[in-house]
Amino acid sequence: MAKTCMIEREIKRRATVEKFAAKRDALNTIANDVSVSADDRRDARLKLQSLPRNSSPVRLRNRCALTGRPRGVFSKFGIARSKLRDLMMRGEVPGVTKASW
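Overview of the structure. Residue numbering note: each chain is counted from 1, following its sequence as written. For a predicted model such as this one, the threshold for reporting local features is a pLDDT of at least 70, and the threshold for listing and counting side-chain atom pairs is 80 or more; totals across whole chains, interfaces and linings nevertheless cover every residue. Think of the side-chain values as coming from all heavy atoms in the structure, minus any hydrogens and water.

Counting secondary structure elements, the chain contains 3 helices and 2 strands. Taken from the N to the C terminus, the helices and strands of the chain come in the order α-α-β-β-α. By the compact-globule yardstick of 13 Å for 101 residues, the chain is too spread out, its C-alpha radius of gyration being 20 Å. When its C-alpha atoms are laid out on the principal axes, the chain stretches across 65 × 35 × 15 Å. In what follows, residue pairs with any heavy atoms lying within 4.5 Å of each other are defined as contacts. Within the chain, contacts between residues separated by at least 24 positions form 42% of all contacts whose residues are at least 6 apart in sequence. In the structure as shown, the chain presents an accessible area of about 8,000 Å², 53% of it carried by carbon and sulfur atoms. Taken together, the 24 basic and 10 acidic charged side chains of the chain have centroids lying 11 Å from each other. Starting at the N terminus, helices and strands are each numbered in turn, a helix being any DSSP run of H or I of at least four residues and a strand any DSSP run of E of at least two. Just to be clear, the radius of gyration here is over C-alpha atoms, and the globule rule we use is 2.2 Å times residues to the power 0.38. The accessible surface values rely on the Shrake-Rupley method and a 1.4 Å probe; as for residues, cover is taken only from the protein chains in view. In this tally, Asp and Glu contribute negative charge and Lys and Arg positive charge; neither His nor the terminal groups of the chain are included. By convention, the point assigned to a charge is CZ for Arg, NZ for Lys, CD for Glu and CG for Asp.

Here it is in structure tokens:
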């Protein structure tokens with residue numbers, strides 16, 4: 001089980017990313033548009049740099065929904081490999097059976 005503070009930090013980051021998503025997208029379109037003047041593009045880049053670091057979606061980390069484990073998370077299920085294995089062995093994941101050959 002991950003530390004509670006790490007899980008809370010990730011929740012806070014997700015909220016910050018969602019809060020600044022529209023503003024970040026608008027500034028990125030201006031900064032990457034070649035038809036806009038160089039001064040406007042530079043201003044957009046400076047405004048992007050002034051946004052909080054945690055508003056960038058690159059800083060997000062996939063974590064297990066059950067334990068908060070940061071590694072070995074299957075994105076399809078949102079669960080870490082060890083917990084997914086436990087659920088499969090108990091038969092709680094539909095369509096998955098234990099291999100036998």
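Structure shown, so let's carry the discussion forward.
Let us look at a positive patch on the surface. Two joining distances apply to patches: 9 Å for like charges and 5 Å for nonpolar side chains (Val, Leu, Ile, Met, Phe, Trp, Tyr), and every residue must have over 30% relative accessible area and no salt bridge. By salt bridge we mean one thing: a side-chain nitrogen of Lys or Arg within 4 Å of a carboxyl oxygen of Asp or Glu. On the surface, a cluster of positive charge is made up of Arg 61, Arg 69, Arg 71 and Arg 81. In this structure, Arg 61 sits in the loop between helix H2 (38–50) and strand S1 (73–74). Exposure remark for Arg 61: the relative accessible area of 38% places this residue in the partly exposed category. Relative accessible area decides the class of each residue, using a 1.4 Å probe on protein chains only: under 20% of the type maximum gives buried, over 50% gives exposed, and in between gives partly exposed.

Turning next to the environment of Ala 38. Residue position: Ala 38 is located in helix H2. As for Ala 38 and Asn 28, which are separated by 10 residues in sequence, their C-alpha atoms are 14 Å apart.

All right, on to the side chain of Ser 55 then. Among the structural elements, Ser 55 can be located in the loop between H2 and S1. A distance of 2.8 Å separates polar atoms of two side chains, one belonging to Ser 55 and the other to Arg 24. Setting aside anything within four residues of it in sequence, one finds Ser 55 in contact with Thr 16, Val 17, Phe 20 and Arg 24. Polar contacts, as counted here, are pairs of nitrogen or oxygen atoms within 3.5 Å of one another; within protein the pair requires one atom able to donate a hydrogen and one able to accept it, and residues that are adjacent in sequence qualify only if both atoms are side-chain atoms.

Tallied over the entire structure, the rule returns 2 salt bridges. Glu 92 is the partner of Arg 90 in a salt bridge, and the nearest nitrogen-oxygen pair spans 3.1 Å. Relative accessible area serves as the criterion here: at 55%, Arg 90 is assigned to the exposed category. You can call Glu 92 partly exposed: its relative accessible area is 47%.

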